[in-house]
Amino acid sequence: MTQDRATIMPLGDSALLVRFSDTLDDEANRRAVSFAHALENDAIEHVLDVVPSLVSVLVRYDPRKANPTRLAGELSLRLRANPVVGDNHLHRIDVHFGGEDGPDLEDVASKLDLSTQAFVEHHNAASLRVLTTGFAPGFVYCGFHPEHMVVPRRASVRPLVTAGSILFAAGQTAIAATDIPTGWHVIGRTSFRNFDPARMPPTSLRVGDLVEFVSAG
Amino acid sequence: MTTLLQIERAGPLTTIQDHGRFGLLQHGISASGPMDRGAFDRAGRRAGAADDSGIEFTQTLDLTVAGEPVRIGWDGGVFRARINGLDVPWPHSTVVSKGDCLSIIPGPSGVYGYLRFGKMLELPSVLGSRATSSRSRLGGLGGRMLQAGNELTLIGEGLPPQHITDDPGTDGPIRFIWGVHSEHFSRDVRQHFATATFRVSAAMDRMSVRLIDAENVFKGASILSLVSEPVMPGDIQILGDGTPIVLMRDHQPTGGYPRIGTVISADLDRFAQLRSGSSVAFAPVTVEHAHQLLRSSL
C-alpha cells in the first residue's frame, strides 16, 4: 500500500512498518520523524509504541485487540494529511575535540584536506538534526553535514568506545551515551550523557531536535 | 513474612525476568522479558504468583530457602528437579520451607526454565520493569546474571495457586510472516527458505539464535546494505555471509541486515526452547492466521 511514496507493510504479527524511502535522504528522514511525532501526539487505539528510525516508522500494536487492516487504513489516512511538525528543541553540546578525547580527529581532517582547527570550525558551523535514535541506549545520529564533510567509516571496528564519545562518518555526527563498539571515527568527547535509567523518559534528545556542537577547548 | 532464596549454583544466562520493559525501543532498549512467555505465565499460575517477576534459568539452578515458607512454581522445557534430594515432578509447584534445597538439572528437552513465587521479589523497578536486559545491563539484580552467592528476598503474600493443565505443545515447522525485506530475495531463495531444514547452532543467547544453513539457502544471496530500521523479536535476519539469525527478547534495537521473515508470536516460545543441534523448518502464514492462533490461546 503506497501513500505519497510511503509503504505500509507488516513486520511480524505485532507491528506495521511505514517506510518512506529505501535509501537515506534528508526528505525521507524528515517525513518519517514528522509522521512519528504526529502519531505520538494523536494516538491510535491499540497502538502500543511508535518508533521512528532513519526513513521509517515502526508502529507496534496489541495483536490480541488491533485489526491490522483497519490500522493500516488509519495510517494511510494520516499519511495523506502529511503533517509537518516543527518547533523542536535546540541542544548545545560541549565537545573536547582531538587529543586523547578524539584520536581520529587528525586522520579525518587530513582526509578532508583540512587542518584540525578548520575541521572543527566546519563541523560546528551549522546545527544538525537528530536523524534517529535507538541504536543503543541514548545513542543519537545527527546530520547531515555538507558533502565536503563526508568521510567513510574506519576500515576496522573498535571493540569499545566509552560513553560520551563523539563519532563521525557518513556525513553524520553521533553521540555515544553508553560504551559501544563502533567503526566510526572518534573525534571528541562530551560530558553530556543522553541516557539516565533513573529518569522516564531516559533520554533528552528526541528525533528532529536540533543539536549545536560547541568546542570546549 | 520474608523469605530468602540463596543461590548456590546457577547455569549461564540465569536472570530475573518479568513481562518486559516495553515502549523504550526508540531510546535504544529492547523489551527483554521471558524467552518462553507461556512457560513463565504457567509457572506463575502454579505458584499463585504475587507479582509478574521470576527467575529464568538454563541448565542448572540450586537454591536454599531461608525465612518463611513460600510456594514455588516451575515450568518451561523439561528439567529434572529435586527437593532435598527427592525427585519432584516437572512442571509442578510446592511449598518450600526454611532449609529446603531445590536443585534443578537439565532434562530431556528445552533450554529455558522458570521459577515463580507466591510472594513478590523485592527488587527495584528500572524504567518500569524488573526484567534483566543482558544487552543494556539494566534491571534484575544490578543488570547482571544470577550467580552462586546471590540472595533474593521475597515479601508479601501470593494468590491461591491454580491447577493448570500441562501445555500439550505444538510440533511442526516454526511459522513466520514474510519480512520487511523479503522482496529483496529471489523467488527461488524464498521458496527454498520455506522448505529447507536448518539447524540451531551453539551461538544462541537471549539476544539471538544463529542457524546453520546446511542446504545453502542463502549462499550468495547477499544483499547490499540497507538503511537500518527498528527490529522486533522473531525477526529472521540474513547476515552478509548468508547466516540466518533469529532475534530474541534482548535483541539489538535496530538492524541493517535484510529480514526475510518474522517468527509469529505464538511460535517464538517454542523456537526459544530448541536446543543447539535441533532441526528446524519454517512455514509462512498470514498475519490473520497468526492473530487467530494468539486469540485461541487466550
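Conventions we followed
Residues numbered from 1 in each chain as written. Chains lettered and ligands numbered in written order. Predicted model: local features only at pLDDT ≥ 70, side-chain atom pairs only at ≥ 80, totals over all residues. Heavy atoms only, no water. Helix = DSSP H or I, 4+ residues; strand = E, 2+ residues; numbered from the N terminus. Rg over C-alpha atoms; globule rule 2.2 N^0.38 Å. Buried < 20%, exposed > 50% of the residue type's maximum accessible area, 1.4 Å probe, protein only. Contact = heavy atoms within 4.5 Å. Areas by Shrake-Rupley, 256 points an atom, 1.4 Å probe, with all protein chains shown as cover. Salt bridge = Lys/Arg side-chain N within 4 Å of Asp/Glu carboxyl O. Pairing = 2+ DSSP bridges. Buried area = accessible area lost by both parts, 1.4 Å probe. Polar contact = N/O pair within 3.5 Å; in protein donor to acceptor, adjacent residues only side chain to side chain. Domains from an automatic or database assignment. Nonpolar A, V, L, I, M, F, W, Y, C, P; charged D, E, K, R; others polar. Expected span 1.5 Å × (residues − 1). Core = buried A, V, L, I, M, F, W, Y, C linked by side-chain atoms within 4.5 Å.

A. Structural context of the overall build of chain B. For chain B, the count of helices and strands is 4 helices and 21 strands. For 298 residues, the compact-globule estimate of 2.2 N^0.38 gives 19 Å, and chain B sits close to it at 20 Å. Taken across its 298 residues, chain B has 56% of its residues classed as buried. Taking all contacts inside chain B whose residues are at least 6 apart in sequence as the whole, residues at least 24 apart take part in 76%. For chain B, the accessible area works out to roughly 12,000 Å², and carbon and sulfur atoms hold 51% of it.

B. Focus on unusual backbone geometry. Between A:Gly143 and the following residue, A:Phe144, the backbone shows a cis peptide bond with an omega angle of -10°. On the secondary structure map, A:Phe144 appears in the loop between β8 (140-143) and β9 (158-161). Note that the residue after A:Met200, namely A:Pro201, is joined by a cis bond; omega there is -5°. For A:Pro201, the position within the fold is in the loop between β13 (185-189) and β14 (210-215). The phi dihedral of A:Ala170 falls on the positive side, at around 55°, and the residue is not glycine. Given the relative accessible area of 40%, A:Ala170 is considered partly exposed. One non-glycine residue, B:Gln59, lies in positive phi territory at about 65°.

C. Region of the structure containing the pattern of salt bridges. On inspection of all chains with the given rule, the structure shows 25 salt bridges over all chains. For A:Lys111, the salt bridge identified is with A:Asp107, shortest N-O distance 3.2 Å. Residue A:Lys111 and its partner A:Asp107 are both found in helix α3 (residues 105-111); the two are separated by 4 residues, about one turn of the helix. Since its relative accessible area comes to 47%, A:Lys111 is described here as partly exposed. Taking the shortest distance from any N to any O, the salt bridge between B:Asp75 and B:Arg46 comes out at 3.0 Å. Within this pair, whereas B:Asp75 is found in strand β5 (residues 70-75), its partner B:Arg46 is found in helix α1 (residues 37-47), the two being separated by 29 residues in sequence.

D. Molecular detail of the pairing of strand β3 (residues 54-58) of chain B. Residues and elements named next belong to chain B. Across the 5 residues of β3, 5 count as buried, placing the element largely inside the fold. Of the two faces of β3, the one holding Gly54, Glu56 and Thr58 and the one holding Ile55 and Phe57 are both buried throughout. Pairing geometry for strand β2 (residues 15-17) and β3, over 3 bridges, is antiparallel. Within β3, the residue paired with Thr15 across the bridge is Glu56. As judged from the 5 bridges shared by β3 and strand β10 (residues 112-117), these two strands associate in the antiparallel manner. From the neighbouring strand, Phe57 faces β10, where its bridge partner is Gly113.

E. Representation of the interface of chain A and chain B. In this complex, chain A contributes 43 residues to the contact, which on the side of chain B involves 38 residues. Between chain A and chain B lies a buried interface of about 3,200 Å² when both sides are counted; carbon and sulfur atoms form 60% of it. When the buried area of chain A at its contact with chain B is split by residue, A:Leu11, A:Asp13 and A:Arg64 rank highest and sum to 20% of it. Put simply, chain A and chain B have 1 salt bridge between them. With a closest N to O distance of 2.8 Å, A:Arg19 and B:Glu229 form a salt bridge. Applying the counting rule to chain A against chain B returns 17 residue pairs in polar contact (both at pLDDT 80 or more).

F. The domain arrangement of chain A, seen in detail. Residues and elements named next belong to chain A. In terms of domain boundaries, chain A breaks down into domain 1 (2-81) and domain 2 (90-215). Of note, the centres of domain 1 and domain 2, computed from C-alpha atoms alone, are 28 Å apart. Taken together, the contact pairs 11 residues of domain 1 with 8 residues of domain 2. Taken together, both faces of the contact between domain 1 and domain 2 bury some 850 Å²; the carbon and sulfur share is 53%. Linking domain 1 with domain 2 are 2 salt bridges. The residue Asp26 makes a salt bridge to Arg129 at a minimum N-O spacing of 3.1 Å. Counting across the interface, domain 1 meets domain 2 through 5 residue pairs in polar contact (both at pLDDT 80 or more). Here the side of domain 1 that touches domain 2 takes 6 residues from helix α1 (residues 26-41), the largest share from any one element. Of the residues contributing to the side of domain 1 that touches domain 2, the split by class is 4 nonpolar, 3 polar and 4 charged.

G. Structural view of helix α2 (residues 68-81) of chain A. The first and last C-alpha atoms of α2(A) sit 20 Å apart over 14 residues, in line with the 20 Å expected at 1.5 Å per residue. For α2(A), the N-terminal capping position is held by A:Asn67, with its side-chain oxygen 2.9 Å away from the main-chain nitrogen of A:Thr69.

H. Geometry of the nonpolar core. In this structure, B:Phe271 and B:Phe282 are the most contacted members of the largest nonpolar core, which totals 33 residues. There are two domains that each give this core at least three residues, and those are domain 1 (3-155) and domain 2 (174-296) of chain B. Contact partners of B:Phe271, with chain neighbours within four places excluded, come to B:Ile174, B:Val209, B:Leu211, B:Val246, B:Met248, B:Val280 and B:Phe282. In terms of nonpolar packing, the next biggest core, distinct from the first, is built from 29 residues, A:Phe35, A:Ile44, A:Val55 and B:Ile264 among them.

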